[in-house]
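Descriptive structure summary
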Amino acid sequence: MIAATGVDESSLRYRGWRVVLACFLMAFFMFGFGLYGQGVYLAELQRAHGWPGTLVSAASTFSFLLTSVLVIFTDDLLARIGLRALILCGLSALGASTVLLALMQTPWQLYLAYALMSVGWTGMGTVVIATVLNAWFERRRGLAFSLAFNGATCGGIVLVPLLLSLTGSIGFQSAMLAATMAMVVLVLPVVVIFIGWPTQISPASGGRSSAGMAAPAHSRKTLLANAAFWTMVLPIAIALLAQMGFIIHQVTFLEPLIGRYAAGLAVTIMAAMAVVGRLSLGLFVDRLDPRLACAASMTSQAAALFVLLQSTNPTVLLVCCAVYGFSIGNMITFPPLIIQREIGAAAFAAAMGLGTSISGVVSAFGPGIIGLVRSFTGNYTSAFAICVMLDLVAAGIVLWRPGRRAKLAAS
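Since the model is a prediction, treat every value here as computed from it, not as a measurement. (Residues numbered from 1 in each chain as written. Predicted model: local features only at pLDDT ≥ 70, side-chain atom pairs only at ≥ 80, totals over all residues. Heavy atoms only, no water.)

1. With respect to the state of the cysteines
- Taken as a whole and judged by the stated rule, the model has 0 disulfides.
- Cysteine Cys294 shares no disulfide, and the gap to the nearest cysteine sulfur, in Cys387, comes to 16 Å.
- Cysteine Cys387 is unpaired, with the sulfur of Cys321 as its nearest cysteine sulfur at 13 Å.
- For Cys387, a relative accessible area of 0% translates into the label buried. (Disulfide = S-S within 2.5 Å. Buried < 20%, exposed > 50% of the residue type's maximum accessible area, 1.4 Å probe, protein only.)

2. Brief notes about the pattern of salt bridges
- Scanning the entire structure with this criterion turns up 3 salt bridges.
- A salt bridge links Glu44 to Arg47; the nearest nitrogen and oxygen atoms lie 2.6 Å apart. Within this pair, Glu44 and its partner Arg47 are both found in helix α2 (residues 38-49), separated by 3 residues, close to a single helical turn.
- By relative accessible area, which is 13% here, Glu44 ends up buried.
- For Glu342, the salt bridge identified is with Arg291, shortest N-O distance 2.7 Å. Here the residue Glu342 occupies a position in helix α15 (residues 334-342), and Arg291 occupies one in helix α13 (residues 290-310), the gap between them amounting to 51 residues.
- Take Glu342: its relative accessible area is 36%, and that puts it in the partly exposed class. (Salt bridge = Lys/Arg side-chain N within 4 Å of Asp/Glu carboxyl O. Helix = DSSP H or I, 4+ residues; strand = E, 2+ residues; numbered from the N terminus.)

3. Considerations on the environment of Val184
- Structurally, the position occupied by Val184 is in helix α9 (residues 172-194).
- For Val184, a relative accessible area of 31% corresponds to the partly exposed category.
- Taking the C-alpha atoms as reference, Val184 lies 8.7 Å from Ser92; in sequence the two are 92 residues apart.

Below, the structure written as structure tokens:
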């Protein structure tokens, strides 16, 4: 759709790059508050109110599952209320959630705060970011996705330590209120000024070009019957299940082997390599087959985990975490690239919403499964071996191209 206009996507004057900046900031705060910050909330709410960890953890699970339901309807919301209004609703909900987390006094307020956070995910999360960038970019789409989604990783690297530092100096309540104010000051202007559809996109089209509006968008029922959709969604969901399981249990596994400081360093290295991996992929992914690149990323994670299980050498373990981290962020970059190529722009928002929902539900079980296997066996060897097998199975499935086979048969 962009190619037809003859715009130069490589020019810094192209408005799409300002949209990328807005999406970076959205991802920074959404993932920083909505994902990585939850460990901070768990500790501080237990300390402030004496609530059991199971209560706060259950609220997190509730939030993730509610998010997985709400994102299914992202394409309907885009068509009904519009892109900018949906993002502003998400920003308002996330801000209300973080303010409530700072001021809450009773457990029911905790669940209300996490429900509002789910609304924030719907308005500022992966599906909306991918949909708007898909509309703005054609030749540099992969780079745009990589740069914007790096905001998610940077949210964990920057916002969480900042919250911890502020909490130590001014208290949790003031730290959350200050961070919320910073989010509003930084995100609101760029959303109002920069966010919008390209001129050839109808505001009510949900990101579909005027040409694409001639054919009706795929219904969710049609997508569920599409083999190409499942060979993208299923392996991503499996890989994310293994990835979430490893990330949550990484420190617990490494600390007895290399100590608490080195285990913390491993997490930092892994997060930093996720940024490097996204940037590196973004430079070349538009010239690559996204399914092959996705399979290679999954295989590299399996190899890193396999070597990690064979060694107790601190240097080797840190290198394995670095290699594993190189592909972490790309697991949310590949789906929109595959969807655009194989399913098309007309169904992009619907496919992203449904795929994100399925992946979110499946991956939510990762930490629990790994913890259960570890408790049965008494160590992480079998648990992480399962992650290795899951990554290899996922790599095999994502290489299956049912649509191509059907086209060859028809010819």
